[in-house]
Amino acid sequence: MDFLKFGKVVLLASSVAWLAGCNTTGGDSASSVGDADVSATTGVATDGIDGSVDAQTQALLDKKVFLFGFDDSKILPEDYPALDAHAAKLASDSNKTIIIQGHTDERGTREYNLALGERRAKAVKRYLVLKGVAPEQVETISYGEEQPVALGHDDQSWQQNRRAVIVSNGAY
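Residues numbered from 1 in each chain as written. Predicted model: local features only at pLDDT ≥ 70, side-chain atom pairs only at ≥ 80, totals over all residues. Heavy atoms only, no water.

Chemist: What am I meant to see in the overall build of the protein here?
Modeler: Per the secondary structure count, the protein includes five helices and four strands. Moving toward the C terminus, one meets the helices and strands of the protein in the order α-α-β-α-β-α-β-α-β. Across the 172 residues of the protein, 36% fall into the buried class. If you take every contact in the protein between residues at least 6 apart in sequence, the share linking residues at least 24 apart comes to 75%. Carbon and sulfur atoms form 56% of the exposed surface of the protein, whose accessible area is close to 9,600 Å². (Helix = DSSP H or I, 4+ residues; strand = E, 2+ residues; numbered from the N terminus. Buried < 20%, exposed > 50% of the residue type's maximum accessible area, 1.4 Å probe, protein only. Contact = heavy atoms within 4.5 Å. Areas by Shrake-Rupley, 256 points an atom, 1.4 Å probe, with all protein chains shown as cover.)

Chemist: How should I be thinking about the environment of S92 in this particular structure?
Modeler: Among the structural elements, S92 can be located in the loop between α3 (80-91) and β2 (98-103). Sequence separation between S92 and G132 is 40 residues, and the spatial gap between their C-alpha atoms is 9.3 Å.

Chemist: How should the sheet that holds strand β3 (residues 138-144) be read in this particular structure?
Modeler: Backbone-to-backbone hydrogen bonds join strands into a sheet, with any given pair of strands oriented parallel or antiparallel. If you walk across this open sheet you meet the four strands as β1-β4-β2-β3, and the pairing is mixed. Only two strands of the sheet have a single neighbouring strand rather than two, namely β1 (65-67) and β3. Neighbour-to-neighbour, the strand axes of the sheet open up by a mean angle of 20°, direction not taken into account. Taken together, the three bridges between β1 and strand β4 (residues 163-168) define a ladder with antiparallel strand orientation. From the neighbouring strand, F66 faces β4, where its bridge partner is A164. Seen against the sheet, helix α4 (residues 110-130) touches β2, β3 and β4 and runs at an angle of roughly 155° to β3. (Pairing = 2+ DSSP bridges. Axes fitted to C-alpha atoms, helices over the stretch in contact; angles between N-to-C directions.)

Chemist: Where do I start with the pattern of salt bridges in this structure?
Modeler: Side chains bearing opposite charge may pair, as long as their charged atoms lie close to each other. Counted according to the given criterion, the structure contains seven salt bridges. K131 is the partner of D84 in a salt bridge, and the nearest nitrogen-oxygen pair spans 3.4 Å. Of this pair, D84 sits in helix α3 while K131 sits in the loop between α4 and β3; the two residues are 47 residues apart in sequence, bridging distant segments of the chain. When sorted by exposure, D84 lands in the same class as K131, which is buried. (Salt bridge = Lys/Arg side-chain N within 4 Å of Asp/Glu carboxyl O.)

Chemist: Please explain the nonpolar core as it appears in this structure.
Modeler: Counting residues in each nonpolar core, the largest one holds 19 residues, and the members touching the most others are I75, L83, I98, I100, V124 and L128. For this core, the secondary structure elements donating two or more residues are α3, β2, α4 and β4. Excluding residues within four positions of it along the chain, L83 makes contact with F66, I75, V124, Y127, L128 and I166. (Core = buried A, V, L, I, M, F, W, Y, C linked by side-chain atoms within 4.5 Å.)

Chemist: So what exactly am I meant to see when it comes to the pairing of β3 here?
Modeler: The side chains of a regular strand alternate, first on one face of the sheet and then on the other. Of the pairings in the sheet, the one linking β2 to β3 comprises six bridges and is parallel in character. Residue I99 lies in a different strand from β3, and its bridge partner there is E139. Taken together, β2, α4 and β3 form a β-α-β motif whose crossover is right-handed. (Right-handed = clockwise from strand over helix to strand, strands pointing away.)

Chemist: Can you help me understand α3 in this one?
Modeler: Because an α-helix packs 3.6 residues into every turn, residues spaced three or four apart end up facing the same way. Between its terminal C-alpha atoms α3 stretches 16 Å, which fits the 16 Å expected from twelve residues at 1.5 Å a residue. Across the twelve residues that make up α3, a large majority, ten, are buried. For α3, every residue scored as buried is listed here: Y80, A82, L83, D84, A85, H86, A87, A88, K89 and L90. Elements in contact with the buried residues of α3: α2 (55-62), β1, β2, α4 and β4. (Expected span 1.5 Å × (residues − 1).)

Chemist: Help me out: how do you make sense of the packing of aromatic side chains in this one?
Modeler: Each pair of aromatic rings is reported with the distance of its centres and the angle of its planes. Applying the stated criterion across every chain, the model contains one aromatic pair. Lying across the ring of W158, R107 places its NZ or CZ 3.8 Å from the centre. (Phe/Tyr/Trp six-rings, centres within 6.5 Å; stacked < 30°, edge-to-face > 60°. Lys NZ or Arg CZ within 6 Å of the ring centre and 35° of its normal.)

Any functional reading would require information beyond the geometric quantities listed.
Set out below in structure tokens:
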């Protein structure tokens, strides 16, 4: 196939992502976590000796889709509690691993959307790492616009497609 062509696309996407990180207009910060207090710790509450989590923590862990604004990779403040729960769960067991998938809506070029999806996935990873998760526990991948969850061509559909998704590898 066009392995060389694919390599060029990957190189272009990573260059766009790198350049976006150099922006000085006050957009995304280098950490892409907003003004969160990343030094705060959030434990995972357990019900019993077997290590099962309480209902509130489980509800936070069940949230695995995190939405983003248009052309943005900043984590929304309302997502911090769920991400804190995921971080505590991962940090408590170094054998657990996850994949964070970055997605975009259909607007923009394929290359740009791959880079934006990558920035979104990496923003979530960066947040988790700042909360104590080992970097090797988290893999990121960008699908850009290729895997929409909403097929419409309107604001509501586009909003649902601008997301990062946590996918666990095995029991989580």
